[in-house]
Amino acid sequence: MKSFALLFLVVICGLGGLGQKLKPKKRSNGEEINFRTKTKDVCTMSMSGDEEMKLRIECRRQGMSYWCEFTGKPSVCRAFRNNPKMYWNQIAMELRKLPHACETTQVLKTTMCQKAPIEAVMKKIAAGMEPEDLANQDKSVQKTSISMRGAGRSSVKKIGKPPILPLIKPTQHGQGSENETEAMKLAREHCWESLHGFCSYIFGIFRG
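What counts and how
- Residues numbered from 1 in each chain as written.
- Predicted model: local features only at pLDDT ≥ 70, side-chain atom pairs only at ≥ 80, totals over all residues.
- Heavy atoms only, no water.
- Pairing = 2+ DSSP bridges.
- Helix = DSSP H or I, 4+ residues; strand = E, 2+ residues; numbered from the N terminus.
- Phe/Tyr/Trp six-rings, centres within 6.5 Å; stacked < 30°, edge-to-face > 60°.
- Buried < 20%, exposed > 50% of the residue type's maximum accessible area, 1.4 Å probe, protein only.
- Salt bridge = Lys/Arg side-chain N within 4 Å of Asp/Glu carboxyl O.

Caption draft 1: Examining the pairing of strand 2 (residues 42-49) more closely. Across five bridges, the pairing between strand 1 (residues 32-36) and strand 2 is antiparallel. In the strand pairing of strand 2, phenylalanine 35 is matched with cysteine 43. Between strand 1 and strand 2, which pair antiparallel in sequence order, lie five residues; one of them, lysine 40, sits at a positive phi of approximately 70°. In terms of strand pairing, strand 2 meets strand 3 (residues 53-61) through eight bridges, oriented antiparallel.

Caption draft 2: Fine view of the packing of aromatic side chains. Counted according to the given criterion, the structure contains three aromatic pairs. For the ring pair phenylalanine 80 and tryptophan 88, a centre distance of 6.0 Å and an interplane angle of 90° mean the geometry is edge-to-face. Of the residues examined, phenylalanine 80 reaches a relative accessible area of 6% and is grouped as buried. The class for tryptophan 88 is buried, based on a relative accessible area of 1%. Ring plane angle 80° and centroid distance 5.0 Å describe the contact between tyrosine 87 and tryptophan 88, whose orientation is recorded as edge-to-face. In this structure an aromatic cluster arises from ring pairing among Phe80, Tyr87 and Trp88.

Caption draft 3: Structural detail: the pattern of salt bridges. A full pass over the atoms with the stated rule returns five salt bridges. Between arginine 56 and glutamate 69 there is a salt bridge; the shortest N-O distance is 2.6 Å. With arginine 56 in strand 3 and glutamate 69 in strand 4 (residues 64-72), this pair connects stretches of sequence that are 13 residues apart. Judged by its relative accessible area of 24%, arginine 56 falls in the partly exposed class. Given a relative accessible area of 14%, glutamate 69 falls into the buried group. Connected through salt bridges with shared partners, the residues Lys54, Arg56, Glu58 and Glu69 form a single ionic network.

Caption draft 4: Representation of unusual backbone geometry within the structure. Phi angles above zero are rare outside glycine, and lysine 40 is one such case at about 70°. Position of lysine 40 relative to the elements: it lies in the loop between strand 1 and strand 2. The phi angle at glutamine 62 is positive, at roughly 45°, despite the residue not being glycine. Mapping glutamine 62 onto the fold places it in the loop between strand 3 and strand 4.

Next comes the structure, spelled out in structure tokens:
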């Protein structure tokens, strides 16, 4: 009876150890951690991968967005395997102390994996930035140039129209000068020289 009880206890302990080995590995894939930098940049940190993991950081500041990516094998660190969430939280805490989450960081280290192999260090592989309002600025510039062109065309049309002036008939001017000449001729023929002006005036009245 005692041997049977001892054997039963050994079987139970063995099943317990097997259950611990079959426990699913703690994962951090697809998780996101939100944080703010020292200069109040709004950032999101996302993780993906299994053995070799990729970390992507995306931030926004004053109409501009920037991002960076890191890769490494933190799974070689025993502390990471035991608690990956604490590992990523430590990285987020370090990034909160920086004014720019991607500019001055080439590697990401944690205190819980200080003695881990070099492969556990997350190294930067890519980075970039982009103005968020650049497309909107281009559209506004295009609209402004189009409106300026339209205003220029309308102003040219208004200024280009010449004023309408009354036409002067040339025949009237010619007839007047002809009457004046004939009156002067008659004044020279029939009046004294001192009275040419008066006579030409009188003859002009009668002929006009």
